[in-house]
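# Report on the structure
Spelled out from the first residue to the last, the chains are:
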Amino acid sequence: KRYLAAKRAVEAKLGDSVTTLRPVIFRPSLIWSWTKLDVLPIIPVFNIASAVGVPFVDRTVKVSTLADAIITALTDDSVEGVQRFMQMDELAAAAQAGGGDVTSAV
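Residues numbered from 1 in each chain as written. Predicted model: local features only at pLDDT ≥ 70, side-chain atom pairs only at ≥ 80, totals over all residues. Heavy atoms only, no water.

### A short note on helix α3 (residues 63–75)
Spanning 13 residues, α3 covers 19 Å between terminal C-alpha atoms, matching the ideal 18 Å at 1.5 Å per step. For α3, every residue scored as buried is listed here: Thr-65, Leu-66, Ala-69, Thr-72 and Ala-73. For α3, the arc enclosing every buried residue in end-on projection is 130°, short of the 170-degree limit, so these residues lie on one face. Exposed side of α3, more than 90 degrees from the buried face: Ile-71, Leu-74 and Thr-75 are the residues found there. Tucked inside the fold, the buried residues of α3 contact β1 (24–26), β2 (31–32), β3 (61–62) and α4 (85–97). (Helix = DSSP H or I, 4+ residues; strand = E, 2+ residues; numbered from the N terminus. Expected span 1.5 Å × (residues − 1). Buried < 20%, exposed > 50% of the residue type's maximum accessible area, 1.4 Å probe, protein only. Arc of directions from axis to C-beta. Contact = heavy atoms within 4.5 Å.)

### With respect to the nonpolar core
Counting residues in each nonpolar core, the largest one holds nine residues, listed as Phe-26, Val-61, Leu-66, Ala-69, Ala-73, Val-79, Phe-85, Met-88 and Leu-91. Mapped onto this core, the elements with two or more residues apiece are α3 and α4. (Core = buried A, V, L, I, M, F, W, Y, C linked by side-chain atoms within 4.5 Å.)

### Details of the environment of Thr-72
Looking at where Thr-72 falls in the secondary structure, it is placed in helix α3. A polar side-chain atom of Thr-72 sits 2.9 Å from the main-chain carbonyl oxygen of Asp-68. (Polar contact = N/O pair within 3.5 Å; in protein donor to acceptor, adjacent residues only side chain to side chain.)

In structure tokens form, the structure reads like this:
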């Protein structure tokens, strides 16, 4: 609980710095890849919990999706603020399309 409070406090501080920074905050739930076999069994649990609306549980994010989203966000000045799994999917799709511009992916 203290971890989340501290994390949100740092995010708020970054959000207050918009005149000097362009804060982009990624909030993936569980990050996974096919090479990390120990997390594979829990992925459906997270995804189902997210789908039925369990609070504080988002759908899982593949590590390659997160990486593509981060690269796109770094190169697209229109991206700022908190990025949850939905935005990560859009950013990754833009990277895969080769555009880097999020507006072309939606």
